[in-house]
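Structural features, examined
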Amino acid sequence: MTKFIFVTGGVVSGIGKGITAASIGRMLKDRGLTVFMQKFDPYLNIDPGTMSPYQHGEVFVTKDGAETDLDLGHYERFIDEELTKRASITTGKVYSKVINKERRGDYNGQTVQVIPHITDEIKNAVYKAAKESKADIVITEIGGTVGDIESLPFLESIRQIHSENEQDDVLFVHTVLVPQIPGSDELKTKPTQHSFKELMSNGIKTDIIIIRSDGEITDSIKKKISLFCDVPVDAIVQSKNVELIYEVPLVFKDQGLDKYILKKLNLDNEIISQNSWENMVERFKSADKNLNIGLVGKYTELHDAYLSVIQALFDAGYENGAKIDIKWINAEELEDEKNVNEVFKDLDGIIVPGGFGSRGTDGMVLSSKYARENNIPFFGICYGMQVVLIDLARNVLGFKGANSTEIDPDTKYPIIDLLENQEEIDEIGGTLRLGNYECSLQEGSKARSLYNEEKVLERHRHRYEFNNDYKEDLEKAGVVFSGINEELNLVEIVELKEHKHFIACQFHPEFKSRPNRIHPLFDGFVKSCINK
Ligand code: GLN
């Protein structure tokens, strides 16, 4: 029997609802419970895969190839589970399902309506996640803020789930902001009261209130909220501002939130994790070395576009005793070797993450060249691998104008090109090469020694591939093709023999890195930067 926790947000967005949900998941896992997490996004896109990073930040990819909200990355990192497409539901997905059913005639002549047809589909998404994952607890975060028109069907659905199940099987958690008035520094609970009322008007009475605030939420503030919002003081918890996001579950635990949740769900699991999360946080906080890593991209003013990359990098740093300072380098500003030398001096390592489109490509190619020629640890991810191969073709093999056909469809040297099956595709949504593919690691390679495994599964999100016609030429130039997908004969990892650390991969290792289980490629990269 699965139990359900629903996390809603009030007052304003962007107060860490995803981290709150993920932290609840962590605390429950520490009690030996199995947890599945999912996010409802009220927008009409089927998935964020077609959205600009400016709209949405990173697109997180699950092992089964769903393009999802970046909160799923927090979930996976906090609960250390691989989630599935069941973890990401959007209004677009729900409506397209219902409309397809209507066209097929599945509704037998009924008028198709938001209630019950849309709400049934939403409830199904929760129940199916429970059934498939067989988790003890499914935690569902409702995107957006209570009061948004788009959230209404989701709120109605979770209200119905509450009335369809036993009292102690469903729990509502509401996250709010208690603002501090500039000047007087007074903390104001009125927005929380309004948000509570708004939820109530949707038939949902929250069990727990989680507060973000710059000020200290004292007992008297808790008493006031308790009085107006009809929850006991024990059920009001402050999510304090912390140095590391991984401290949030500990902050909650200190305030007894895990105990309270268990009591409400009528569970009596003891803590079984032997403080491993606490130890990890302590270890991370004691990091005393400093590393400067240059991240070369085109969304450098928008750090959320690279969320999992930077999180994996920070975590790998902490685990190796180093605080990482990321120097954000806008690839478009890298024009020539002189300015590259200036921008890159003092860096301990360079990372070029994924990307789409031509903007900034030449700057990324120059970054690869700089790292190569100056023996600086380099890590390329997805587009970062493609630019490495373009750099080598242009600057080592002398193939002038070598490019990816994504950037220059008429290039004389299509180092990176479309596979035949991609050429026939004309819809952009959900048609990239997505999710897990196997990668075989070549014996004696650096990648193999880092992974210490023969075959690994890694997640993908790209359309273009390395063109094997150029393999021999590049091998002669010192490239080791150390990771191959044997089934499709595709290059997955390349590295340079004569270099301290130069590795690039076609997949996205950042999606599989965890604070308590650092991905070997991030770990290896950071170690090389430290030893530089
Ligand atoms: N634009 C490249 C492709 O489609 C790389 C994609 C990426 O970096 N995620 O293949």
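Rules of the game
- Residues numbered from 1 in each chain as written.
- Predicted model: local features only at pLDDT ≥ 70, side-chain atom pairs only at ≥ 80, totals over all residues.
- Heavy atoms only, no water.
- Helix = DSSP H or I, 4+ residues; strand = E, 2+ residues; numbered from the N terminus.
- Rg over C-alpha atoms; globule rule 2.2 N^0.38 Å.
- Contact = heavy atoms within 4.5 Å.
- Areas by Shrake-Rupley, 256 points an atom, 1.4 Å probe, with all protein chains shown as cover.
- Lys, Arg positive; Asp, Glu negative; His and termini not counted.
- Charge placed at Lys NZ, Arg CZ, Asp CG, Glu CD.
- Axes fitted to C-alpha atoms, helices over the stretch in contact; angles between N-to-C directions.
- Parallel < 35°, antiparallel > 145°, perpendicular 65-115°, else oblique.
- Left-handed = near helix turned anticlockwise from the far one by under 90°.
- Nonpolar A, V, L, I, M, F, W, Y, C, P; charged D, E, K, R; others polar.
- Buried < 20%, exposed > 50% of the residue type's maximum accessible area, 1.4 Å probe, protein only.
- Pairing = 2+ DSSP bridges.
- Right-handed = clockwise from strand over helix to strand, strands pointing away.
- UniProt positions renumbered as here; feature names shortened; annotations may be inferred.
- Core = buried A, V, L, I, M, F, W, Y, C linked by side-chain atoms within 4.5 Å.
- Polar contact = N/O pair within 3.5 Å; in protein donor to acceptor, adjacent residues only side chain to side chain.

Concerning the overall build of the protein
Helix and strand counts for the protein stand at 19 helices and 21 strands. In terms of C-alpha radius of gyration, the protein reaches 25 Å, essentially the compact-globule figure of 24 Å for 532 residues. The dimensions of the protein, computed from C-alpha atoms along their principal axes, are 75 × 60 × 45 Å. For the protein, the share of sequence-separated contacts (at least 6 apart) that also reach a separation of at least 24 residues comes to 73%. Counting every atom, the protein has about 22,500 Å² of accessible surface; 45% of that belongs to carbon and sulfur. Looking at the protein, you have 63 positive and 86 negative side-chain charges, and the mean spots of the two groups are 3 Å apart.

Quick word on the packing of helix 7 (residues 190-201) against helix 8 (residues 219-229)
In the contact formed by helix 7 and helix 8, the axes pass within 10 Å of each other and the chain directions differ by 25 degrees. Between helix 7 and helix 8, the angle is such that the two are roughly parallel. As helix 7 runs across helix 8, the sense of the crossing is right-handed. Only K224, I225, F228 and C229 of helix 8 make contact with helix 7, whose side of the interface consists of T192, Q193 and F196. Of the residues in the contact of helix 7 with helix 8, the class split is four nonpolar, two polar and one charged.

With respect to unusual backbone geometry
With an omega of 15 degrees, the peptide bond between I115 and P116 qualifies as cis. Phi is positive for D230, close to 55 degrees, though the residue is something other than glycine. By the secondary structure assignment, D230 is in the loop between helix 8 and strand 9 (236-238). Located in the positive-phi region is D346, a residue other than glycine, with phi close to 75 degrees. Its location among the elements puts D346 in the loop between helix 13 (337-344) and strand 12 (349-352).

Focus: the pairing of strand 8 (residues 208-212)
Residues in a regular strand point their side chains to alternate faces of the sheet. For strand 8, the buried fraction is high: four of the five residues fall into the buried class. As judged from the five bridges shared by strand 7 (residues 170-177) and strand 8, these two strands associate in the parallel manner. Each bridged residue has a counterpart across the sheet, and for L177 the counterpart in strand 8 is R212. Chirality of the crossover, the property in question, places the unit of strand 7, helix 7 and strand 8 among those that are right-handed. The pairing of strand 8 with strand 9 spans three bridges and is parallel. Of the residues in strand 9, the one forming a bridge with I210 is V237.

Quick look at the UniProt feature "binding site: UTP" (unreviewed entry) in the protein
Feature annotation in UniProt places "binding site: UTP" (unreviewed entry) on S13, K188, T189, K190, P191, T192, Q193 and K224, given in this structure's numbering. The named residues occupy 212 residues along the chain; their greatest pairwise C-alpha distance, 23.0 Å, places them well apart from one another. You can see K188 is positioned in the loop between strand 7 and helix 7. By relative accessible area, K188 is classed as partly exposed at 33%. Not counting chain neighbours up to four residues away, the residues in contact with K188 comprise V178, P179 and I181.

A few points about the nonpolar core
Of all hydrophobic cores here, the largest spans 82 residues; its most connected members are I5, L28 and I139. Ignoring sequence-local partners within four residues, the contact set of I5 consists of I24, L28, I137, V138, I139, T140, L171, V173, I261 and L265.

Here we look at the side chain of S226
With respect to the helices and strands, S226 occurs in helix 8. Polar contacts involving the side chain of S226 include one to the main-chain carbonyl oxygen of V231, which spans 2.7 Å. Once residues lying within four places of it in the same chain are set aside, the contact partners of S226 are V231, P232, V233 and I236.

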